[in-house]
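Examination of the molecular architecture
Residues per chain are reported as follows:
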Amino acid sequence: MRRDIRRVALLGAGVIGAGWAARLVESGIDVVVADPDPEVHRKTGAVLQNAERALRALFPEPPARRGSVDYAASVEAAVDGADFVQESAPEREDLKRALLARADAVAPADVILATSTSGLLPSRLQADCRHPGRVVVGHPFNPVYLLPLVEVCGGAATAPETVPAASAFYASIGMHPLHVRTEIDGFVADRLLEALWREALHLVNDGVATTDEIDRAICHGAGLRWAFMGTFGIYRLAGGEAGMRHFMAQFGPALKLPWTRLEAPELTEALVDRVSEQAEAQAAGRSVRDMERSRDDALVAILRALEAQGIGAGADLARWRQGREIMSKFD
Ligand SMILES: NC(=O)C1=CN([C@@H]2O[C@H](COP(=O)(O)OP(=O)(O)OC[C@H]3O[C@@H](n4cnc5c(N)ncnc54)[C@H](O)[C@@H]3O)[C@@H](O)[C@H]2O)C=CC1
Ligand SMILES: C[N+](C)(C)CC(=O)CC(=O)[O-]
């Protein structure tokens with residue numbers, strides 16, 4: 001698989017595609033966007049502007065070489081000449097299959113075709129490609145330009161060298177590739193996020209808590225520690241000196257209590273209205289772009305603190321910083 005990546009085709013430039021664009025140009029890589037939205041320039045520009053603000057707080061020195069952003073009139077034109085393709089179109093299997101097949105028809109066989117899907121199976125997405133061996137999931141997290149995690153997952157027909165090659169590329173742009181070894185719907189991270197989301201929707205639907213109360217329950221508690229220690233690490237400490245075994249003995253039986261509701265709530269119009277109205281009230285008139293800036297400021301501060309501690313995502317940031325410094329010496 002191709003290792004020297006200088007130009008990436010981005011198929012779809014919404015929340016995620018534009019986030020990829022920001023991370024890639026900051027890493028000195030040129031991007032070519034294909035997106036049929038007539039407003040794609042404005043929307044991508046707004047994300048790039050917010051990202052630039054956050055990235056300058058993270059790395060005061062601009063990159064020695066900033067990648068360029070170009071727009072192509074078709075998928076084929078974007079893929080032509082690209083060293084790597086990242087598809088971030090809406091989460092619909094038929095659409096993604098068709099886009100990957102179109103990219104596959106144009107790209108040389110050593111060019112990786114990655115999809116940002118948050119849960120569709122790569123074995124199905126690669127099914128219409130002539131060279132399915134180069135198709136892989138590269139599932140990022142929002143905002144892509146600040147959060148390093150990318151889940152990398154191959155399908156049944158993915159070639160053995162594709163996952164390591166895609167992972168090496170993602171690591172080179174400051175990301176933290178996590179190889180999802182078993183192909184499952186939702187991969188690993190979204191399995192966890194969806195469980196929390198399902199429970200939160202039940203609580204709102206049942207009138208137990210508002211969206212604001214649930215968000216405070218996360219931000220002022222577990223959310224703070226999740227930035228640097230996962231559930232298993234945290235619960236080992238919660239077992240005291242006897243660790244995880246004591247924790248399991250003490251709190252394990254509670255897992256059998258009917259506290260959680262595993263079935264998803266019906267997404268009735270009433271529930272959608274309630275969640276949307278409460279989330280708008282929570283925002284107190286602040287626009288999405290304005291709140292993105294607050295989110296980014298906090299993420300930058302957290303990443304810098306983690307880098308100083310040398311833990312969690314701070315290690316990814318340190319690697320990205322070092323990579324940028326090396327690049328600047330060669331420029
Ligand atoms: N929003 C999120 O939090 C995350 C989303 N993802 C995944 O990223 C992908 C994209 O999601 P979002 O960016 O949130 O969606 P979005 O709705 O913000 O953006 C999708 C973009 O694709 C464009 N598009 C539609 N048809 C197209 C076509 N035929 N060719 C090229 N572009 C086309 C749309 O115009 C739009 O700009 C999905 O697979 C989603 O599961 C992954 C991680 C997080
Ligand atoms: C809602 N979502 C499933 C698309 C979310 C993700 O995939 C990851 C994220 O950034 O939360």
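Residues numbered from 1 in each chain as written. Chains lettered and ligands numbered in written order. Predicted model: local features only at pLDDT ≥ 70, side-chain atom pairs only at ≥ 80, totals over all residues.

Describing the site of ligand 1
Spelled out, the test is: Any residue whose backbone-placed C-beta atom lies within 6 Å of a molecule or strand is treated as near that molecule or strand. Numbering of helices and strands starts at the N terminus; helices are DSSP runs of H or I of at least 4 residues and strands are runs of E of at least 2. Polarity classes work like this: nonpolar for Ala, Val, Leu, Ile, Met, Phe, Trp, Tyr, Cys and Pro, charged for Asp, Glu, Lys and Arg, and polar for all others, with Gly in that last group.
Surveying the vicinity of ligand 1 reveals 23 residues, the closest of which are Gly-12, Gly-14, Ile-16, Asp-37 and Ser-118. Among the elements of the structure, helix H1 (15-26) and helix H4 (93-106) are those that each provide at least two residues to the shell around ligand 1. Considered class by class, the residues forming the shell around ligand 1 number eleven nonpolar, nine polar and three charged.

Things to note about the sheet that holds strand S4 (residues 84-87)
Let me state the cut-off plainly: What makes two strands pair is DSSP finding at least two bridges between them. To get an axis, a line is fitted to the C-alpha atoms, and for a helix only the part in contact is used. The angle between two axes follows their N-to-C directions and goes from 0 to 180 degrees. By the criterion used throughout, residues are in contact when their C-beta atoms, derived from the backbone, lie within 7 Å.
Read from one edge to the other, the open sheet built from eight strands follows the order S3-S2-S1-S4-S5-S6-S7-S8, with strand pairing classed as mixed. In the strand order of this sheet, the two ends are held by strand S3 (69-71) and strand S8 (176-179), each with one partner. The sheet shows a mean angle of 25 degrees between the axes of neighbouring strands, direction not considered. Bridge analysis of strand S7 (residues 149-154) against S8 gives four bridges, and the strand direction is parallel. Of the residues in S8, the one forming a bridge with Val-150 is Pro-177. Lying over the sheet, H1 contacts strand S1 (7-11), strand S2 (30-34), S3 and S4, oriented at roughly 165 degrees with respect to S2. Taken strand by strand, helix H6 (residues 162-172) contacts S4, strand S5 (112-115), strand S6 (135-139), S7 and S8, and its axis lies near 165 degrees from that of S7.

Some words on the nonpolar core
The following threshold applies: Think of a nonpolar core as buried Ala, Val, Leu, Ile, Met, Phe, Trp, Tyr and Cys residues, each tied to the set through C-beta atoms within 7 Å. Working definition of burial: number of other C-beta atoms within 10 Å of the residue's own, with buried at 20 or more, exposed at 12 or fewer, and partly exposed in between, all C-beta atoms being placed from the backbone.
Membership of the largest hydrophobic core comes to 63 residues, with the highest contact counts inside it found for Ala-9, Leu-11, Ala-21, Val-31, Ala-82 and Val-85. If one sorts the elements of this core by residue count, H1 sits on top with seven residues.

Focus on the packing of helix H9 (residues 231-238) against helix H10 (residues 243-251)
Here is the rule: Angular relationships are summarised with four words: roughly parallel below 35 degrees, roughly antiparallel beyond 145, roughly perpendicular across 65 to 115, and oblique for the angles in between.
Contact geometry of H9 with H10 gives a least axis separation of 7 Å together with a crossing angle of 85 degrees. The orientation of H9 relative to H10 falls into the category roughly perpendicular. Touching Tyr-235, Arg-236 and Ala-238 of H9 are Gly-243, Met-244 and Phe-247, all from H10. Split into classes, the residues belonging to the contact of H9 with H10 amount to four nonpolar, one polar and one charged.

What about the packing of helix H2 (residues 40-58) against helix H12 (residues 288-309)?
Basically, it comes down to this: Note on convention: near helix rotated counterclockwise from far helix by under a right angle means a left-handed crossing. Clockwise means right-handed.
Look at H2 against H12: their axes get within 9 Å of each other, and the N-to-C directions meet at 25 degrees. On the basis of the axis angle, H2 is roughly parallel to H12. In terms of crossing hand, the pair formed by H2 and H12 is right-handed. Between H2, through Ala-46, Asn-50, Arg-53, Ala-54, Ala-57 and Leu-58, and H12, the contact on the second element is made entirely by Arg-289, Glu-292, Arg-293, Asp-296, Val-300 and Leu-303.

Overview of the domain arrangement of the protein chain
Applied cut-off: Bear in mind that the domain bounds are from an automatic or database domain assignment.
Taken domain by domain, the protein chain holds domain 1 (7-187 + 325-330) and domain 2 (190-285). Taking the mean C-alpha position of each, domain 1 and domain 2 sit 30 Å from one another.

Some words on the site of ligand 2
Inspection of the region around ligand 2 gives Ser-118, Phe-141, Asn-142, Asp-190 and Leu-193 as its neighbouring residues. Residue classes in the shell around ligand 2 are distributed as two nonpolar, two polar and one charged.

Digging into the confidence of the model for the protein chain
What counts is decided by this rule: Every residue carries a pLDDT, the predictor's confidence in it, which falls somewhere between 0 and 100.
For the protein chain, the average pLDDT comes to 96, and 99% of its residues sit at 70 or higher. Confidence metrics for the complex model read pTM 0.96 and ipTM 0.99.

Section: the UniProt feature "domain: 3-hydroxyacyl-CoA dehydrogenase NAD binding" (unreviewed entry) in the protein chain
Threshold: UniProt positions are given in the numbering used here, feature names are shortened, and annotations may be inferred rather than shown by experiment.
Mapped onto the present numbering, the UniProt feature "domain: 3-hydroxyacyl-CoA dehydrogenase NAD binding" (unreviewed entry) falls at residues 8-181. In residues 8-181, the share of helix is 37% and the share of strand is 20%. The end C-alpha atoms are 25 Å apart.

What to know about unusual backbone geometry
Note: most residues except glycine have negative phi, and most peptide bonds are trans. Here the bond from Asn-142 into Pro-143 is cis, since omega is 0 degrees, no more than 30 degrees from zero. Here Pro-143 is to be found in the loop between S6 and S7. Of note, the phi angle at Phe-187 is positive, near 55 degrees, even though the residue is not glycine. Among the secondary structure elements, Phe-187 is positioned in the loop between S8 and helix H7 (189-205).

Overview of H6
Since the α-helix advances by 3.6 residues per turn, residues separated by three or four positions end up pointing in the same direction. Counted only if it meets this: The directions from the helix axis to the C-beta atoms are what the arc is built from.
Those residues of H6 that fall on the buried side of the exposure criterion are Thr-162, Val-163, Ala-165, Ala-166, Phe-169 and Tyr-170. End-on view of H6: buried residues confined to an arc of 165 degrees, all on one side of the axis. Taken together, the buried residues of H6 touch S4, S5, S6, S7 and S8. Gly-174 sits one or two positions beyond H6 and adopts a positive phi of about 80 degrees.

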